[in-house]
Amino acid sequence: MSPGEALAAECARYTAMGWMRGTSGNLSVVVDRDPLRLAVTVSGKDKGELTPDDVVLVDAEGRTDDPVRVPSAEAALHGRIAAVSGAGAVVHVHALAPVVAAERRPDGVELRDLEMLKGFGRRAHDDVVVIPVVPNSQDMRVLGDAFEAGFREDVPALIVARHGVYVWGDDLYQARHRLECLEWLLRFQAETHRR
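Notes on the structure follow. (Residues numbered from 1 in each chain as written. Predicted model: local features only at pLDDT ≥ 70, side-chain atom pairs only at ≥ 80, totals over all residues. Heavy atoms only, no water.)

## Looking at the overall build of the protein chain
Logical step 1: The number of helices and strands found in the protein chain is five helices and nine strands.
Logical step 2: Element order for the protein chain, N to C, with α for helix and β for strand: α-β-β-β-α-β-α-β-β-β-α-β-β-α.
Logical step 3: In terms of C-alpha radius of gyration, the protein chain reaches 16 Å, essentially the compact-globule figure of 16 Å for 195 residues.
Logical step 4: When its C-alpha atoms are laid out on the principal axes, the protein chain stretches across 50 × 30 × 30 Å.
Logical step 5: Buried residues in the protein chain amount to 50% of all 195 residues. (Helix = DSSP H or I, 4+ residues; strand = E, 2+ residues; numbered from the N terminus. Rg over C-alpha atoms; globule rule 2.2 N^0.38 Å. Buried < 20%, exposed > 50% of the residue type's maximum accessible area, 1.4 Å probe, protein only.)

## Some remarks on the side chain of Ser-72
Logical step 1: Its location among the elements puts Ser-72 in the loop between β3 (55–59) and α2 (75–85).
Logical step 2: Within the local environment of Ser-72, its side chain forms a polar contact with the backbone nitrogen of Glu-74, the two atoms lying 3.0 Å apart. (Polar contact = N/O pair within 3.5 Å; in protein donor to acceptor, adjacent residues only side chain to side chain.)

## Comments concerning helix α3 (residues 96–104)
Logical step 1: Of all the positions in α3, only Ala-97, Pro-98, Val-99, Ala-101 and Ala-102 are classed as buried.
Logical step 2: Taken together, the buried residues of α3 touch β5 (109–112), β7 (133–134), β8 (157–160), β9 (164–169) and α5 (172–193). (Contact = heavy atoms within 4.5 Å.)

## Describing the packing of aromatic side chains
Logical step 1: Applying the stated criterion to the full structure yields four aromatic pairs.
Logical step 2: Both rings, one in Tyr-14 and one in Trp-19, keep their centres 6.0 Å apart while their planes meet at 20°; by these two values the pair is stacked.
Logical step 3: A relative accessible area of 7% means that Trp-19 is categorised as buried.
Logical step 4: Taken together, the aromatic side chains of Phe-147, Phe-151 and Trp-168 make up a single cluster linked through ring pairs. (Phe/Tyr/Trp six-rings, centres within 6.5 Å; stacked < 30°, edge-to-face > 60°.)

## Regarding the pairing of β5
Logical step 1: Residue alternation in β5 divides its side chains into a buried set, Val-109 and Leu-111, and an unburied set, Glu-110 and Arg-112.
Logical step 2: Here β5 runs beside strand β6 (residues 128–131); their pairing, made up of four bridges, is antiparallel. Along β6, the bridge assignment pairs Glu-110 with Val-130. (Pairing = 2+ DSSP bridges.)

## A short note on empty space enclosed by the protein
If a probe the size of a water molecule is rolled over the atoms, the empty space left behind becomes visible.
Logical step 1: Within the structure shown, the criterion is met by one cavity of 30 Å³ or more.
Logical step 2: In this structure, the largest cavity encloses a volume near 30 Å³.
Logical step 3: Forming the walls of the largest cavity are Ala-101, Arg-104, Arg-105, Leu-186, Gln-189, Ala-190 and His-193.
Logical step 4: Put simply, the parts of the chain that give the lining of the largest cavity at least two residues each are α3 and α5.
Logical step 5: Tallying contributions element by element places α5 first for the lining of the largest cavity, with four residues.
Logical step 6: Per-class residue counts for the lining of the largest cavity are three nonpolar, two polar and two charged. (1 Å grid on protein atoms, 1.4 Å probe; cavity = no way out; pocket = protein on both sides within 12 Å on 5 of 7 lines; lining within 4 Å. Points joined across faces, edges and corners; volume = space filled by probe spheres on them. Nonpolar A, V, L, I, M, F, W, Y, C, P; charged D, E, K, R; others polar.)

## Thoughts on the pattern of salt bridges
Logical step 1: According to the stated counting rule, one finds 17 salt bridges in the structure shown.
Logical step 2: As a salt-bridge pair, Arg-37 and Asp-32 come within 3.0 Å of each other at their nearest N and O atoms.
Logical step 3: Taken together, the shared-partner salt bridges connect Arg-122, Asp-127, Arg-152 and Asp-154 into one network. (Salt bridge = Lys/Arg side-chain N within 4 Å of Asp/Glu carboxyl O.)

## Thoughts on the sheet that holds strand β1 (residues 26–33)
Logical step 1: The strand order across the open sheet built from seven strands is β3-β2-β1-β4-β9-β8-β7, with neighbouring strands paired in mixed fashion. Across the chains shown, the open sheet's two edge strands, defined by having one partner strand only, are β3 and β7.
Logical step 2: Bridge count for β7 against β8 is two bridges, and the pairing is parallel. Within β8, the residue paired with Val-133 across the bridge is Ile-159.

## Regarding the environment of Gly-121
Logical step 1: For Gly-121, the position within the fold is in the loop between β5 and β6.
Logical step 2: When its relative accessible area of 57% is taken as the criterion, Gly-121 is described as exposed.
Logical step 3: As for Gly-121 and Cys-181, which are separated by 60 residues in sequence, their C-alpha atoms are 9.5 Å apart.

As far as function goes, none of this settles anything; it's purely spatial.
Given below as structure tokens:
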């Protein structure tokens, strides 16, 4: 499957889950490491209707030579995450649970003692996972610096306050599985805190 086919299929999946409403969110896969190049979803298109042609190649700073296709403004953050973490894929969605969790815990969202943590790559018990939260910014250098300052190799996620969540993995499928597990964990936390 080509990067475009894989990214379009994943976008359709997340749109069906309500995590990529309208034109929101963006996904990327690494296509080269040296120099770093990523295929990233284009800007301004309904993510549920993307075709394999609706991707653009960008460098580590999110720049492209493509005269027609415009990458997401957040492509530079994808590049920074891939460069720092070594990830092969980065997914960014606007699921509600991470944003609510960050609103309640702007210094980091702590998770512990839940079986679903295993799906996120951690132990279910005797393990504390803190998902970093950074303030939103339209400047990807600012977001990239904030990401890097709080980066931990064993926490493949970042919540941008009042915006959305980034999750990464070796490939799109690992990133998807981690995202689905993290969203469940954060939804559980939100539901149990309502009582």
